[in-house]
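Chain by chain, the residues run as shown.
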Amino acid sequence: MAMQRILVHAGFYKTGTTSLQAQLNCLADPLKPYFHFYGPGAVQRSGALAREFARSQSDEARRAFRRSFKRFAETLPDTGNIVISRENFAGIMPGHRGVDGEILTGINPAARMLARDIRAGLERRFGSQMELHFLYSIRDRTDWMKSVHGHQLRSTGLRDDLVRFSELFPRNFDLRKDAEKIAQALTPTPVHIRALEDYRAHPQGPAAMVLELMEVPQTVIDTLPQAARQNAGQDEALRAEFLRLNRLGMDRAALHAAKHALLPPDPTAG
């Protein structure tokens with residue numbers, strides 16, 4: 001029996017993950033000969049529970065994640081290669097607040113613990129018939145910080161401008177270094193680190209990271225429809241308006257409604 005290759009794309013946030021997942025979902029049929037794809041909607045509650053564990057750091061939350069991931073792993077096919085992509089498997093997005101109310105300013109140690117738990121769950125499911133790899137996508141610090149700041153302005157009541165927000169993070173903050181720490185924790189499991197910037201001009205966008213690692217032939221890649229950009233950030237004017245609204249001290253429901261009214265209509269809605 002051929003060894004199953006399983007690739008877990010476990011983060012990081014704001015590194016093209018939505019575009020990667022959307023493209024692989026669109027390509028599910030032509031890529032069936034090469035791998036089965038499981039994105040955010042397919043990993044059941046394990047994504048949300050991974051984030052909850054990262055936020056609380058409690059033993060109970062970690063056990064809940066392990067149980068949920070075990071249930072998900074049991075649904076995976078016995079044959080064929082597999083790709084799993086969920087940025088929540090890197091924990092909680094920096095810029096959110098932890099249980100102590102402080103803004104998280106780094107990839108917390110939960111990312112390493114989650115990766116080991118994912119590996120253990122897949123080892124229980126597939127045993128020695130599995131060739132497991134992890135993928136962590138990263139991004140230039142300046143671009144990443146701007147993207148995270150924009151996300152927090154839109155989704156939370158953040159009142160810091162980009163300069164102040166960036167100053168909350170350590171000067172040596174570096175997604176590559178965090179990915180390398182995870183790789184060290186997972187030794188000897190192969191961990192691949194790919195920079196979003198290296199795939200901006202690729203017709204498949206960040207999905208090309210996966211296509212390469214899953215050894216999809218270039219002749220097949222050349223026939224695939226081009227990727228569309230997903231989850232593009234807001235322009236400067238909209239960010240400034242979100243910041244202004246956040247500083248008004250509105251209640252949560254009113255703030256949400258005011259922001260929602262500023263967003264363009266979702267072309268997929270209705």
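As shown above, the structure is provided for reference.
Presented here is a report on the structure given in the accompanying data block. All of these numbers come straight from a predicted model, not from anything done at the bench. (Residues numbered from 1 in each chain as written. Predicted model: local features only at pLDDT ≥ 70, side-chain atom pairs only at ≥ 80, totals over all residues. Heavy atoms only, no water.)

A word on the pattern of salt bridges. When their charged atoms lie close together, side chains carrying opposite charge are able to pair. For the structure on display, the rule yields eleven salt bridges. Measuring nitrogen to oxygen at the nearest pair gives 2.7 Å for the salt bridge that ties Arg5 to Glu131. Taken as a pair, Arg5 in strand E1 (residues 4-9) and Glu131 in strand E4 (residues 130-138) lie far apart in primary sequence, 126 residues in all. Residue classification places Arg5 among the buried residues on the basis of a relative accessible area of 16%. (Salt bridge = Lys/Arg side-chain N within 4 Å of Asp/Glu carboxyl O. Helix = DSSP H or I, 4+ residues; strand = E, 2+ residues; numbered from the N terminus. Buried < 20%, exposed > 50% of the residue type's maximum accessible area, 1.4 Å probe, protein only.)

We now examine the packing of aromatic side chains. Here the structure, examined in full by the defined rule, presents eleven aromatic pairs. The interplanar angle of 75° and the centroid separation of 5.9 Å between the aromatic rings of Tyr38 and Phe72 together place this pair among those described as edge-to-face. Residue Tyr38 is located in strand E2 (residues 36-38), and its partner Phe72 is located in helix H3 (residues 59-74); the two are separated by 34 residues in the primary sequence. Residue classification places Phe72 among the buried residues on the basis of a relative accessible area of 0%. On the basis of an interplanar angle of 70° and a centroid distance of 6.0 Å, the ring pair of Phe65 and Phe89 is categorised as edge-to-face. Remark: Phe89 occurs in the loop between strand E3 (82-85) and helix H4 (110-126) and Phe65 occurs in helix H3; sequence separation between them is 24 residues. An aromatic cluster of three or more residues is present, and its members are Tyr38, Phe65, Phe69, Phe72 and Phe89. The ring of Phe242 has Lys259 sitting right over it, with the charged end atom 5.9 Å from the ring centre. (Phe/Tyr/Trp six-rings, centres within 6.5 Å; stacked < 30°, edge-to-face > 60°. Lys NZ or Arg CZ within 6 Å of the ring centre and 35° of its normal.)

Time to look at the side chain of Asp117. Its place among the elements puts Asp117 in helix H4. By relative accessible area, which is 7% here, Asp117 ends up buried. A polar contact of 2.7 Å, which involves the side chain of Asp117, links it to the side chain of Arg62. Once you skip the residues sitting within four places of it in the chain, Asp117 turns out to touch Arg62, Phe65 and Arg66. (Polar contact = N/O pair within 3.5 Å; in protein donor to acceptor, adjacent residues only side chain to side chain. Contact = heavy atoms within 4.5 Å.)

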